[in-house]
Amino acid sequence: MTRHKMAIPENFLLLHSAEERVRMVTLDHIASDTALHLHVSVVEASMTALEHFSAGWLTDDLDLLTVQHLGLRLFNGGAAALKLLLAGYYQNTASHLRDVLETAFLLDYLRTDPQLVAKWRETEPKKDRREFEPVHIRTALDARDGFTEQKRAEHYRTLSTFAHPNPKAFALLRPTGSKLAKPGPFHDAGLLKALLEEMGKVFVPATVNYLPYFKSRTPIDQVTRDGFFAVANKWFQVGYGTTPREKAPVPPS
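Residues numbered from 1 in each chain as written. Predicted model: local features only at pLDDT ≥ 70, side-chain atom pairs only at ≥ 80, totals over all residues. Heavy atoms only, no water.

Digging into the overall build of the protein
Then comes step 1: Scanning the protein from terminus to terminus reveals nine helices and zero strands.
Then comes step 2: Shown N-terminal to C-terminal, the secondary structure of the protein runs as helices and strands in the order α-α-α-α-α-α-α-α-α.
Then comes step 3: For 253 residues, the compact-globule estimate of 2.2 N^0.38 gives 18 Å, and the protein sits close to it at 20 Å.
Then comes step 4: In terms of overall dimensions, the protein has a C-alpha envelope of 60 × 55 × 45 Å along the principal axes.
Then comes step 5: Within the protein, the fraction of its 253 residues that count as buried is 41%.
Then comes step 6: Contacts in the protein between residues far apart in sequence, at least 24 positions, make up 70% of those at least 6 positions apart.
Then comes step 7: Accessible surface, the protein: about 14500 Å² in total, of which carbon and sulfur atoms supply 59%.
Then comes step 8: If you average the places of the 31 positive and of the 29 negative side-chain charges in the protein, the two averages end up 4 Å apart. (Helix = DSSP H or I, 4+ residues; strand = E, 2+ residues; numbered from the N terminus. Rg over C-alpha atoms; globule rule 2.2 N^0.38 Å. Buried < 20%, exposed > 50% of the residue type's maximum accessible area, 1.4 Å probe, protein only. Contact = heavy atoms within 4.5 Å. Areas by Shrake-Rupley, 256 points an atom, 1.4 Å probe, with all protein chains shown as cover. Lys, Arg positive; Asp, Glu negative; His and termini not counted. Charge placed at Lys NZ, Arg CZ, Asp CG, Glu CD.)

Written out as C-alpha cells, the structure reads:
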C-alpha cells in the first residue's frame with residue numbers, strides 16, 4: 001500500500017528559500033571580510049575541539065562523561081547560533097550565545113574542586129541548587145580570580161537583555177538605522193559583525209575552560225588541541241594583543 005504524502009505548507013518552503021538567500025549573501029560577506037573570516041575561523045576551531053573531546057575521546061569516568069555532555073551542549077549551541085546568524089535571525093542568535101556563556105562559566109566553576117562535577121550532577125533540581133545558580137557561579141569565579149569589576153556579570157547581563165523579551169532587544173529585529181522590525185530573516189552587516197564578534201568572545205573562553213579536563217592521549221588529540229590554540233592565539237592577538245592560556249586541569253574525582 002502506497003502512503004500518500006501530504007504537502008508541506010508553501011509558506012514554510014518560501015520561508016526556507018528566503019533563509020537560504022540570506023545565508024548565501026551572509027557567507028559572501030564573511031568571505032570578503034578578513035576580520036569576520038577570523039571570527040568564523042575561531043568559532044569553527046572551537047567547535048572542532050569541542051566535538052572531538054566530547055564524542056571522540058572515550059572514557060568510562062562518570063565525571064568526565066558529565067563534562068562531555070556539557071561540551072556537546074556547547075557544540076550544539078554553537079551550531080544553532082551559527083545557523084540562525086547566517087540566516088539572519090539575530091535576536092535568536094543572541095539567545096543561544098547566552099546559554100553558551102552560562103555553560104562556559106559552569107565548566108570553569110566545576111574545575112575549582114574535583115568534587116563539584118559529581119555534586120552538580122547528583123543534586124536534585126527541586127532541592128537546594130543555589131551553589132550552582134549563575135549569579136553564585138559568577139561571584140565565586142570573580143572571587144577566585146581576584147576580579148572586582150564584575151565583567152562576567154556585565155557580559156551575562158548584556159546577552160540576557162537580548163535573550164529575554166526586552167525593548168532593547170527590538171534592535172535585533174530590524175535593520176540598522178531602521179525603526180521598522182522585519183519578520184523572518186534579513187541581512188544586516190552591522191548586526192552580523194556584532195554577533196560574530198560575540199561568538200568569538202563566548203566560544204574561545206568556553207573552549208579554553210573545557211580542554212583542560214582531557215589529556216592528549218593520541219596524536220589526533222594533540223593536533224586538535226594545537227589547532228584550536230593556533231587559531232585562538234591569532235584571534236586574541238588581532239583583537240586584544242595577547243593570547244589565551246590554558247589553565248592547569250583539575251583531575252577528576
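Regarding the packing of aromatic side chains
Each aromatic ring pair is specified by the distance between its two centres and by the angle formed by the two planes.
Then comes step 1: Per the counting criterion, the structure on display carries eight aromatic pairs.
Then comes step 2: Ring geometry for Tyr213 against Phe214: centres 6.4 Å apart, planes inclined by 55°, an arrangement best described as tilted. Here Tyr213 matches Phe214 in class, with each residue buried.
Then comes step 3: Between the aromatic rings of Phe228 and Phe229, the centroid separation amounts to 4.9 Å while the plane-to-plane angle is 70°, which identifies the pairing as edge-to-face.
Then comes step 4: Phe229 sits in the buried class, given a relative accessible area of 12%.
Then comes step 5: Above the plane of the ring of Tyr156 lies Arg138, whose end atom (NZ or CZ) is 4.4 Å from the centre.
Then comes step 6: Arg217 extends its terminal NZ or CZ atom over the ring of Trp57, reaching a point 3.6 Å from the ring centre. (Phe/Tyr/Trp six-rings, centres within 6.5 Å; stacked < 30°, edge-to-face > 60°. Lys NZ or Arg CZ within 6 Å of the ring centre and 35° of its normal.)

Observations concerning the side chain of Thr207
Then comes step 1: By the secondary structure assignment, Thr207 is in helix H8 (residues 189–210).
Then comes step 2: If near-sequence neighbours (up to four positions away) are discounted, Thr207 is found in contact with Ser46, Ala49, Leu50 and Phe228.

Some remarks on unusual backbone geometry
Then comes step 1: The backbone of Gln150 sits at a positive phi, close to 55°, despite the residue not being glycine.
Then comes step 2: In this structure, Gln150 sits in the loop between helix H6 (134–145) and helix H7 (151–163).

Some thoughts on H6
Then comes step 1: Relative to the 16 Å expected for twelve residues at 1.5 Å per residue, H6 spans 16 Å between its end C-alpha atoms, a close match to the ideal helical length.
Then comes step 2: Turning to H6, its buried residues are Ile137, Arg138, Leu141 and Asp142. Taken end-on, H6 shows its buried residues confined to a sector of 130°, consistent with a single buried face.
Then comes step 3: Looking at the packing, one finds that the buried side of H6 touches helix H4 (90–110) and H7.
Then comes step 4: At the exit of H6 stands Gly146, carrying a positive phi of roughly 75°. (Expected span 1.5 Å × (residues − 1). Arc of directions from axis to C-beta.)

A closer look at the packing of helix H3 (residues 62–87) against H8
Then comes step 1: Packing of H3 against H8 brings their axes to within 12 Å, and their N-to-C directions diverge by 170°. Compared by their axis directions, H3 and H8 come out roughly antiparallel. Two secondary-structure elements touch here, H3 through Val67, Gln68, Gly71, Leu74, Gly77, Gly78, Ala81, Leu82 and Leu85 and H8 through Leu192, Leu195, Leu196, Met199, Phe203, Ala206 and Tyr210.
Then comes step 2: In terms of residue class, the contact of H3 with H8 is made up of twelve nonpolar, four polar and no charged. (Axes fitted to C-alpha atoms, helices over the stretch in contact; angles between N-to-C directions. Parallel < 35°, antiparallel > 145°, perpendicular 65-115°, else oblique. Nonpolar A, V, L, I, M, F, W, Y, C, P; charged D, E, K, R; others polar.)

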